[in-house]
Amino acid sequence: MNGAGDVTKKRGRFSSLDELFGAVERKGETLIGYRKQLLPPLPRAGGKLKRPILAEFFRNLALLIQGGVPLREALDDMTQPPCHPVLSETFTAINKRIDDGLLFSEAVNEAPPIIPKIMLPLISIGEETGNLDRTLRDGADHIDRVEHIVSSTRRALIYPIVVLFSMFGALAFWMLFVLPQLMDLFSSMGIKDLPITTRILIASTDFFDKWWPVIPITLSIFALFFALSKRNAKVQYIWDQMWNKVPLIKHVIRASQLAFFFEYTAMLTDAGVNILRSMELMEQSVSNQILKNGVRLMRKEISEGNPMSEAINSFAYFEPFVLRMVRVGEQTGNMPAQFSLLASHYMTQVDKLVSAMSKTIEPLIIVVAGFIFAIIALGLLGPVYNMISQLA
C-alpha cells in the first residue's frame, strides 16, 4: 500500500525476505502480504527483444528524467506492465544494483547483453555531465537508425531468395510429378521425331528423377553452414566472404555495414568518446567479420599513434572519398560532423540499392520464368501438334 492508501499488486525477484522488506521500505510503501511463486515461470514466447521496443524504452525513460522524475523512480515506473517482460526483469535487477550503491552506468554494465554496447558509454557520459536524458534520447535515436539499416538490408536479401525459392518449388513440382507422366504418355503413343523442346523436357525429367535427393541434401548443408556461421567466427568470415562476391547483394551489404560503422562512430565521438575507445566498442558490436577484422586493424593503427585517416587508408573496404572527408574532419577538428555526413550518405545509398534491386530482379525473374515455362509449353504442345499432323 502506498502513501495515498492505494493498494497495488507488484511482482519481483528477491533472494530473501529482508531484501523484499527493504525494497518496499525504500519506496515508502507498506507490505500487506506476499506470495511465493512455487513453480518456475514458463518459457516466454517471443522472448527476443526487438530494437524498436528497446529504443522506445530508453526514449520514455529520457522523457521521465527530463520531466524531473528521479532515476530510481523512473526505472521503477518503466518496469511496470505493459513493459516487455525481458526489459522488466533486466531493469528490475538494475534497480536492485542501484539500491546497493552502484551508479546507473555500473549497474547497466553488469546487466545481461540485451542492451546495446553503445548505451554503456553514453549512460556514463550522461551521468558525468548531468545530461542523462539527452544521451538516452540520442541512444534511442541511434537504435532506431540501426533498425532502419538492418531492416532495409534484410528486405533486400529476403525478397530475391523468397521469389527464387517459390519459382524453383513450382518448377520442381512440375519436373517430379507432372512432366514424368506426360512424357510416359508421349513415349507410349510411339510418336517419332519429337521436337527439340520435348527432348529437353524428357532429359530434364530423367535428370530430376535420378538426382532429386541432391536438392534437399544441398539445402541442408547450406542451412547447417548458416547455423555454424552464427557460432564460429571463422565460418562466419567464409559466409560473409561468399555474400561479398554475389552481384547486387554485395553492394547492399557493403553500404549497410558502412552506414552502421559511421552512424556508430558519429554517435560515440559526438558524445565525447575518443576514437580509440570508439573502435574498441565498434569491434565488439559489428557482426560482419570482414568489417570486424578491418576495425581491429584500424584500432591497432590508431593505438600506434596514427590518425584516423591513415587507419582508414590501411583498410581497402572504404571508398577513396571517405578518406578525403575524414582528413578534412581531422584538419577542422569536426570529426563527428563528418561521420554523420558519411552515415547519412550510406543510409541513403542503402535505400536506393534496395529499391534498385527490386526493380532489377523483378524483370530478370520474369524473363527467366517465362523462358522456362515457354520451353515446357512448347515441349508439351509439340508432340500433340505432330500427332494431329500424322492423323491428318
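Refer to the structure printed above.
Reading the values: rules and limits
- Residues numbered from 1 in each chain as written.
- Predicted model: local features only at pLDDT ≥ 70, side-chain atom pairs only at ≥ 80, totals over all residues.
- Heavy atoms only, no water.
- Core = buried A, V, L, I, M, F, W, Y, C linked by side-chain atoms within 4.5 Å.
- Buried < 20%, exposed > 50% of the residue type's maximum accessible area, 1.4 Å probe, protein only.
- Helix = DSSP H or I, 4+ residues; strand = E, 2+ residues; numbered from the N terminus.
- Contact = heavy atoms within 4.5 Å.
- Salt bridge = Lys/Arg side-chain N within 4 Å of Asp/Glu carboxyl O.
- Axes fitted to C-alpha atoms, helices over the stretch in contact; angles between N-to-C directions.
- Parallel < 35°, antiparallel > 145°, perpendicular 65-115°, else oblique.
- Nonpolar A, V, L, I, M, F, W, Y, C, P; charged D, E, K, R; others polar.
- Left-handed = near helix turned anticlockwise from the far one by under 90°.
- Phe/Tyr/Trp six-rings, centres within 6.5 Å; stacked < 30°, edge-to-face > 60°.

## Notes on the nonpolar core
Core analysis: the largest hydrophobic core is formed by 81 residues, its most contacted members being Phe58, Phe104, Phe261, Phe262 and Met308. In terms of residues, this core owes the most to one element, helix α11 (residues 249–271), which gives 14 residues. The contacts of Phe58, once residues within four sequence positions are left out, are Phe91, Ile115, Met119, Leu136, Ala140 and Ile143. Grouped together as the second largest cluster of nonpolar side chains are seven residues, Leu171, Leu201, Ile376 and Leu380 included.

## Let's talk about the pattern of salt bridges
Applying the stated criterion to the full structure yields 13 salt bridges. For Asp138, the salt bridge goes to Arg134, with nearest N and O atoms at 3.8 Å. A residue pair is termed a helical-turn pair when its members lie 3 or 4 positions apart in one helix, as Asp138 and Arg134 do in helix α7 (residues 132–188) at four residues. The exposure class assigned to Asp138 is partly exposed, which follows from its relative accessible area of 22%.

## As for the packing of helix α10 (residues 233–243) against helix α13 (residues 289–303)
The N-to-C vectors of α10 and α13 enclose an angle of 110°; their axes lie 8 Å apart at closest approach. With respect to each other, α10 and α13 are oriented roughly perpendicular. Of the residues in α13, those touching α10 at Ala233, Gln236, Tyr237, Asp240 and Gln241 are Gln289, Ile290 and Asn293. Tallied by class, the residues present in the contact of α10 with α13 amount to three nonpolar, four polar and one charged.

## What to know about the side chain of Glu263
Positionally, Glu263 belongs in helix α11. For Glu263, a relative accessible area of 6% translates into the label buried.

## A closer look at the packing of helix α3 (residues 71–78) against helix α4 (residues 85–99)
With their axes 9 Å apart at the nearest point, α3 and α4 run at an angle of 155° to one another. Taken together, the axes of α3 and α4 lie roughly antiparallel to each other. Here the hand of the crossing between α3 and α4 comes out left-handed. Contacts from Arg72, Leu75 and Asp76 in α3 reach Phe91, Asn95, Ile98 and Asp99 in α4. Tallied by class, the residues present in the contact of α3 with α4 amount to three nonpolar, one polar and three charged.

## Examining the packing of aromatic side chains
A complete count under the given rule lists 13 aromatic pairs for this structure. Judged by centre distance (5.4 Å) and plane angle (50°), the ring pair of Phe260 and Tyr264 falls under tilted. Placement of both Phe260 and Tyr264 in helix α11 is noted, with a separation of four residues, approximately one turn of the helix. According to the relative accessible area criterion, Phe260 is buried, its value standing at 14%. For Tyr264, a relative accessible area of 2% translates into the label buried. Here Phe315 and Tyr317 contribute two aromatic rings whose centre-to-centre distance is 5.5 Å and whose plane-to-plane angle is 10°, an arrangement assigned as stacked. Looking at Phe315, the relative accessible area reads 12%, which means it is buried. Counting every residue linked through ring pairs, the aromatic cluster contains Phe261, Phe262, Phe315, Tyr317, Phe318, Phe321, Phe339 and Tyr346.

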